[in-house]
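Take a look at the letters that make up each chain.
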Amino acid sequence: MLRGAALRVTRPRLAVLAAVHEQPHADADAIARRVRAELGEVSTQAVYDVLRALSNAGLLRRIEPAGSPTRYETRVGDNHHHVVCRRCGDIADVECAVGDAPCLIASHSHGYVIDEAEVVYWGTCPACS
């Protein structure tokens, strides 16, 4: 995956990819803890740099729910959405709302060529209910 995205293969990049794959929707702090458990001493800045590089290369997707730290996932290339628990912040994937991507037709495009829609559903997860 890294070579296919024209990125060097490094231990921190492999560890970050593995951490995000093992714990989808994790924030940078949780990812850093998992990377440190695997590699030992790795700076927080190094983890952020890897997250940025992998996101820019399209290998990770950034999720930014309101009032929550940025989360990351390896599920890229489709137009799925998310449901977020208002109490605990848990996030789960939700398939496309309706129809083909971008799932929603904007009432007015303002001249934009729309290729993606982001939908976040908010509610209470089963554990918090």
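Everything numeric here is computed off the predicted structure, so don't read it as measured data.

Peer 1: How should helix H2 (residues 28-39) be read in this particular structure?
Peer 2: Quick reminder: α-helices carry 3.6 residues per turn. Residues three or four places apart thus point the same way. Look at H2: 16 Å from first C-alpha to last across 12 residues, which is about the 16 Å you get at 1.5 Å a residue. Every buried residue of H2 is accounted for by Ala28, Ala30, Ile31, Ala32, Val35 and Leu39. Where the residues of H2 are buried, they touch helix H1 (11-22), strand E1 (26-27), helix H3 (44-56) and strand E3 (71-73). With a side-chain oxygen positioned 3.2 Å from the backbone nitrogen of aspartate 29, the residue opening H2 is aspartate 27.

Peer 1: Would you take a moment to explain empty space enclosed by the protein for this structure?
Peer 2: If you roll a probe as big as a water molecule over the atoms, it shows you where there is empty space left. All chains considered together, the criterion is met by one cavity of 30 Å³ or more. One number sums up the size of the largest cavity: a volume of about 40 Å³. Around the largest cavity sit Arg61, Arg62, Ile63, Glu64, His82 and Glu118, which together line it. The leading source of residues in the lining of the largest cavity is strand E2 (residues 61-63), at three residues. Residues of the lining of the largest cavity, tallied by class, amount to one nonpolar, one polar and four charged.

Peer 1: Looking at this structure, how should I read the sheet that holds strand E6 (residues 120-123)?
Peer 2: Hydrogen bonds between backbone atoms are what pair the strands of a sheet, whose relative direction is either parallel or antiparallel. Spatially, the three strands line up as an open sheet ordered E5-E4-E6, and their pairing is mixed. Sheet topology places strand E5 (91-94) and E6 at the edges, where each strand pairs with a single neighbour. Across the sheet, the mean angle separating the axes of adjacent strands is 25° when strand polarity is ignored.

Peer 1: Got a minute to help me understand the nonpolar core in this structure?
Peer 2: Residues Val16, Val20, Ile31, Val35, Leu51, Leu54 and Leu60 are the most contacted members of the largest nonpolar core, which totals 22 residues. For this core, the secondary-structure elements that each account for two or more residues are H1, H2 and H3. With six residues, the top contributor of residues to this core is H2. Once you skip the residues sitting within four places of it in the chain, valine 20 turns out to touch Ile31, Leu51, Leu60, Tyr72, Glu73 and Thr74.

Peer 1: What's the story with the pairing of E5 in this structure? I'm lost.
Peer 2: Of the strand pairs in this sheet, strand E4 (residues 81-85) and E5 are connected by four bridges, and their pairing is antiparallel. Looking at the pairing, valine 83 lines up with alanine 92 of E5. The hairpin turn running from E4 into E5, its antiparallel successor, is five residues long, and glycine 89 in that turn takes a positive phi close to 85°.

Peer 1: For this particular structure, what's the right way to read the sheet that holds E2?
Peer 2: Overall, antiparallel pairing links the three strands, which are arranged E1-E3-E2 in an open sheet. The open sheet has two free edges, formed respectively by E1 and E2, since each of these has just one partner strand.

Peer 1: I keep staring at the packing of H1 against H2 and nothing clicks. Help me out?
Peer 2: Here H1 crosses H2 at 125°, and the two axes come no closer than 9 Å. Comparing their axes, H2 and H1 come out oblique. Our pair here, H1 against H2, has a crossing hand that is right-handed. Contacts between H1 and H2 pair Arg11, Pro12, Ala15, Val16, Ala19, Val20 and Glu22 from the former with Ile31, Arg34, Val35, Glu38 and Leu39 from the latter.

Thresholds, definitions, all that
- Residues numbered from 1 in each chain as written.
- Predicted model: local features only at pLDDT ≥ 70, side-chain atom pairs only at ≥ 80, totals over all residues.
- Heavy atoms only, no water.
- Helix = DSSP H or I, 4+ residues; strand = E, 2+ residues; numbered from the N terminus.
- Expected span 1.5 Å × (residues − 1).
- Buried < 20%, exposed > 50% of the residue type's maximum accessible area, 1.4 Å probe, protein only.
- Contact = heavy atoms within 4.5 Å.
- Polar contact = N/O pair within 3.5 Å; in protein donor to acceptor, adjacent residues only side chain to side chain.
- 1 Å grid on protein atoms, 1.4 Å probe; cavity = no way out; pocket = protein on both sides within 12 Å on 5 of 7 lines; lining within 4 Å.
- Points joined across faces, edges and corners; volume = space filled by probe spheres on them.
- Nonpolar A, V, L, I, M, F, W, Y, C, P; charged D, E, K, R; others polar.
- Pairing = 2+ DSSP bridges.
- Axes fitted to C-alpha atoms, helices over the stretch in contact; angles between N-to-C directions.
- Core = buried A, V, L, I, M, F, W, Y, C linked by side-chain atoms within 4.5 Å.
- Parallel < 35°, antiparallel > 145°, perpendicular 65-115°, else oblique.
- Left-handed = near helix turned anticlockwise from the far one by under 90°.

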